[in-house]
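# Close look at the chain arrangement
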Amino acid sequence: MAFSQNNAAAQGGLKPEGRYETIITSIDEKATKNGKSYLNIRLTIRNDVEGQKYGNACLFYQIWKAKNPTQEDLSVNGYVYGMVMGLGEAAGLPDGKEYKDLAEYCNDLVGKCVIAQLVHEIGNDGVEREKVSYLNKTNHPDCKHVFKTPVNNDTVAKPKNEAFASAAPAATSDADDDYPF
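Calculation rules
Every chain is numbered on its own, with residues counted from 1 as its sequence reads. Selection of residues for local features in this predicted model requires a pLDDT of at least 70, selection of side-chain atom pairs for listing and counting requires 80 or more, and totals for whole chains, interfaces and linings are taken over all residues. To obtain the side-chain values, all non-hydrogen atoms of the structure were used and water was disregarded. We place a 1 Å grid over just the protein atoms. Points where a 1.4 Å probe fits but has no way out form a cavity, open points with protein on both sides within 12 Å along at least 5 of 7 lines form a pocket, and any residue with an atom within 4 Å of a point lines it. Grid points are joined across faces, edges and corners, and a volume is the space filled by probe spheres set on the points. Labels follow the DSSP assignment, with helices taken as runs of H or I lasting at least four residues and strands as runs of E lasting at least two, numbered in each case from the N terminus. For this classification, the nonpolar set comprises Ala, Val, Leu, Ile, Met, Phe, Trp, Tyr, Cys and Pro, the charged set comprises Asp, Glu, Lys and Arg, and every other residue, Gly included, is treated as polar. What counts as a salt bridge is simple: a side-chain nitrogen of Lys or Arg found within 4 Å of a carboxyl oxygen of Asp or Glu. Type-normalised accessible area, obtained with a 1.4 Å probe on protein chains alone, sets the label of each residue: buried when under 20%, exposed when over 50%, and partly exposed for intermediate values. Each polar contact in these results corresponds to two N or O atoms within 3.5 Å; when the atoms are within protein, one needs to be able to donate a hydrogen and the other to accept it, and residues that are neighboring in sequence are counted only if both atoms are side-chain atoms. Think of it this way: DSSP has to see at least two bridges between two strands before they count as a pair. Every angle, taken between N-to-C directions, lies between 0 and 180 degrees, and every axis is a line fitted to C-alpha atoms, over only the stretch in contact when it is a helix. Convention used here: angles under 35 degrees read as roughly parallel, angles over 145 as roughly antiparallel, angles from 65 to 115 as roughly perpendicular, and any remaining angle as oblique. Left-handed describes a crossing whose near helix is turned anticlockwise from the far helix by less than a right angle; the clockwise case is right-handed. Only heavy atoms matter for contacts: two residues are in contact if any of them lie within 4.5 Å across the pair.

## Observations regarding the layout of surface pockets
- The volume enclosed by the largest pocket comes to roughly 390 Å³.
- Every residue lining the largest pocket is counted, 15 residues in all, and those nearest its centre are Gln-62, Trp-64, Glu-121, Glu-130 and Lys-131.
- Of all elements in the fold, only β2 (37–45), β3 (58–64) and β5 (128–137) reach the threshold of two or more residues within the lining of the largest pocket.
- Its residues assigned to classes, the lining of the largest pocket comprises five nonpolar, five polar and five charged.

So, in structure tokens, the structure goes:
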């Protein structure tokens, strides 16, 4: 049985739509049952931002592989290049920093703060779900978030999927000098 977003939020289901200050707590490469790969970015809502509710709750942001990957997409293992770079920009990664591969880039993102824009979407199955539609730079860069559980490799983690961490980088040429890895 589906229920309205207001009723769902009241029952502890969907969080209200809006902007949430978050911290990136993990990035993993996952796949759907049909084998479609995506980067799953886990965002924890910060509890150090005055007036913000739902501290320590999680949101998820996905970046999918491109259907028809360009050379830029291939440089980030086939994921949509603009979205991968947009994630880094929102997280405040320094311009011009070079990374050996996508896993190293994602490792640098873990622990960074971003604003997540949360919306509700009705899926093909008719169920209303939360979706992070985009990310922006934080308005509160001095993070004093206190995690509910001690910070360790299980709570704030580098990419855990071994296939992701060991994925071979795309072939490069001299024309690829503008790519971060």
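On we go from here.
## Some details on the pattern of salt bridges
- Within this structure, the stated rule accounts for eight salt bridges.
- When the shortest N-O distance is used, the salt bridge between Glu-130 and Lys-15 registers 3.1 Å. Here Glu-130 is found in strand β5, whereas its partner Lys-15 is found in the loop between α1 (5–10) and β1 (18–31), with 115 residues between them in sequence.
- Look at Glu-130 and you get partly exposed, because its relative accessible area is 26%.
- For Lys-15, a relative accessible area of 9% puts it in the buried group.
- With a closest N to O distance of 2.6 Å, Arg-129 and Asp-125 form a salt bridge.
- Residue class for Arg-129 comes out partly exposed when judged on its relative accessible area of 40%.
- Through salt bridges with shared partners, a single ionic network connects Glu-21, Arg-46 and Asp-48.

## Considerations on helix α4 (residues 102–109)
- Among the eight residues in α4, six count as buried, and that is most of the element.
- Among the residues of α4, those classed as buried are Leu-102, Ala-103, Tyr-105, Cys-106, Asp-108 and Leu-109.
- Among the residues of α4, the N-terminal cap falls to Asp-101, whose side-chain oxygen and the backbone nitrogen of Ala-103 are separated by 3.3 Å.
- Among the residues trailing α4, Gly-111 stands out with phi positive, at a value near 95°.

## Quick notes on the sheet that holds β2
- Strand order in the open sheet made by the five strands is β3-β2-β1-β4-β5, with antiparallel pairing throughout. With one partner strand each, in any of the chains shown, β3 and β5 form the two edges of the open sheet. When strand polarity is set aside, the average angle formed by the axes of neighbouring strands in this sheet is 45°.
- Both β2 and β3 contribute to a ladder of seven bridges, which runs antiparallel. Within β3, the position partnered with Asn-40 by the bridge is Gln-62.

## Here we look at the packing of helix α3 (residues 81–91) against α4
- Viewed as axis vectors pointing N to C, α3 and α4 meet at an angle of 30°, and their least axial separation amounts to 10 Å. Classified by the interaxial angle, the pair formed by α3 and α4 is roughly parallel. Of the two possible hands of crossing, α3 and α4 adopt the one that is left-handed. Facing Val-84, Met-85, Leu-87, Gly-88 and Ala-91 of α3, the residues of α4 in contact are Leu-102, Tyr-105 and Leu-109.

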